[in-house]
Amino acid sequence: MTDRAIPERPPLRVRLALRDLDAVTLLALPAILFVAALFVYPFLYGFALSFKPKAGDWLANYRKFFSDPFLYDTIAATLWLAVPATLINVLLSIPVAMRVRGLQRRRILTTILVVPITLGTVLIAEGLLNYLGPQGWFNRSLALLGLGPVRLVHNYTGVMLSLIMSGFPFTFLLTLSYITGIDPSLEQAASTLGAKARARFWHIILPLLAQGLAINLCLSFVQTFSVFPSAVLLGSPAGATRVISIAAYQAAYEQYDYSMASAVAMIMGFVQLAVVTLILAARGLVYRGAVGGGKG
């Protein structure tokens, strides 16, 4: 009897390709290393540092945070700013994106709407101070009309206006990309069947847009929750707009307690993660189909 031929083992390159590890996949390796160096390692280092307080046991920082109203109230103050600003930006971006989608000169209007992104939060804050401040153009115009000055900065209103101005272009671009990805023939078919514009929006556009809006809400919330320059320049850092990022800054650079600052940063991240998880879990209640209508 002759021995059965043993099949040759495929080369390593073939075996890796079967597991989606080919030369093209390896092109992502520099990006993975970059993210690991700038995000993963600092996060793990900060997480470990938060359990090494200056005094007390390993949970002393977290116990101090949740036992001091001056510290844990910053969570509510930040949410009170981030949640309304996120909802306003996302909800406002829907009708604006719907209108821009049908325009012929869409690029010009889109460019105008995204200009605040190029300015940054500090320049936006400076502009609002010059325009809405006690000696700004707006209050001077009101004084000429005999209406008196209105306090719009160094309070909750000033920070909210800054978050809307800096966050709306970002949410608008995302919403516009999702809306333009919906096949227009779906609306045309519903229109030929007698569906009005409102019915087409609620039964066609919104269900197909829901998945994208959930991602938009998550990204916008993370952006607004990390508010810092606006809360300092336009708000009341020791009062209503004392957000959690200010608490982390004070712990690190005023008290020089980097362990406590890391603990505050970890709490900040966990709150963001909890809200994002709730948003992603709730999106399935609206629509469970495809993300978009698709063109072509």
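Residues numbered from 1 in each chain as written. Predicted model: local features only at pLDDT ≥ 70, side-chain atom pairs only at ≥ 80, totals over all residues. Heavy atoms only, no water.

Undergrad: Where do I start with the environment of T121 in this structure?
TA: By the element assignment, T121 lies in helix α7 (residues 115-132). Classification of T121 by relative accessible area gives partly exposed; the value is 29%. Along the primary structure T121 and A85 are separated by 36 residues, whereas in three dimensions their C-alpha atoms are 14 Å apart. Excluding residues within four positions of it along the chain, T121 makes contact with S166, P229 and S230. (Helix = DSSP H or I, 4+ residues; strand = E, 2+ residues; numbered from the N terminus. Buried < 20%, exposed > 50% of the residue type's maximum accessible area, 1.4 Å probe, protein only. Contact = heavy atoms within 4.5 Å.)

Undergrad: Could you clarify how one ought to interpret the pattern of salt bridges in this entry?
TA: Two side chains with opposite charge may pair up if their charged atoms get near one another. The full count for this structure, using the stated rule, is two salt bridges. Put simply, D57 and R63 hold a salt bridge, and the shortest N to O gap is 3.0 Å. Since its relative accessible area comes to 37%, D57 is described here as partly exposed. Note that E187 is salt-bridged to R101, the shortest N-O span being 2.8 Å. Taken together, the residues span a long stretch of sequence, with E187 in helix α10 (residues 184-192) and R101 in helix α5 (residues 69-101) at a distance of 86 residues. Residue E187 is classed as buried on the basis of its relative accessible area, which comes to 15%. Here R101 falls in the partly exposed class, since its relative accessible area comes to 21%. (Salt bridge = Lys/Arg side-chain N within 4 Å of Asp/Glu carboxyl O.)

Undergrad: Any chance you could explain unusual backbone geometry here in plain terms?
TA: Excluding glycine, residues mostly carry a negative phi; peptide bonds, for their part, are mostly trans. Positive phi outside glycine occurs at H154, with the angle close to 60°. Mapped onto the elements, H154 comes out in the loop between α8 (137-144) and α9 (156-180). Phi is positive for Y256, which is not a glycine, with a value near 55°. With respect to the helices and strands, Y256 occurs in the loop between α13 (244-253) and α14 (258-282). For Y256, a relative accessible area of 53% puts it in the exposed group.

Undergrad: Would you mind showing me how to read the packing of aromatic side chains here?
TA: What describes a pair of aromatic rings is the distance from one ring centre to the other and the angle between the planes of the rings. A complete count under the given rule lists 15 aromatic pairs for this structure. Ring geometry for F51 versus Y62: centroids 5.3 Å apart, planes at 35°, classification tilted. Residue F51 is found in the loop between α3 (29-49) and α4 (60-67), and its partner Y62 is found in helix α4; the two are separated by eleven residues along the sequence. Accessibility expressed as a relative area gives 23% for F51, which makes it partly exposed. Arranged with centres 5.4 Å apart and planes meeting at 50°, the rings of F228 and Y249 form a pair that is tilted. Separated by 21 residues along the polypeptide, F228 in the loop between α11 (197-225) and α12 (229-233) and Y249 in helix α13 bring together distant segments of the chain. Look at Y249 and you get partly exposed, because its relative accessible area is 38%. Taking NZ or CZ as reference, R242 lies 3.7 Å from the ring centre of F70, over its face. (Phe/Tyr/Trp six-rings, centres within 6.5 Å; stacked < 30°, edge-to-face > 60°. Lys NZ or Arg CZ within 6 Å of the ring centre and 35° of its normal.)

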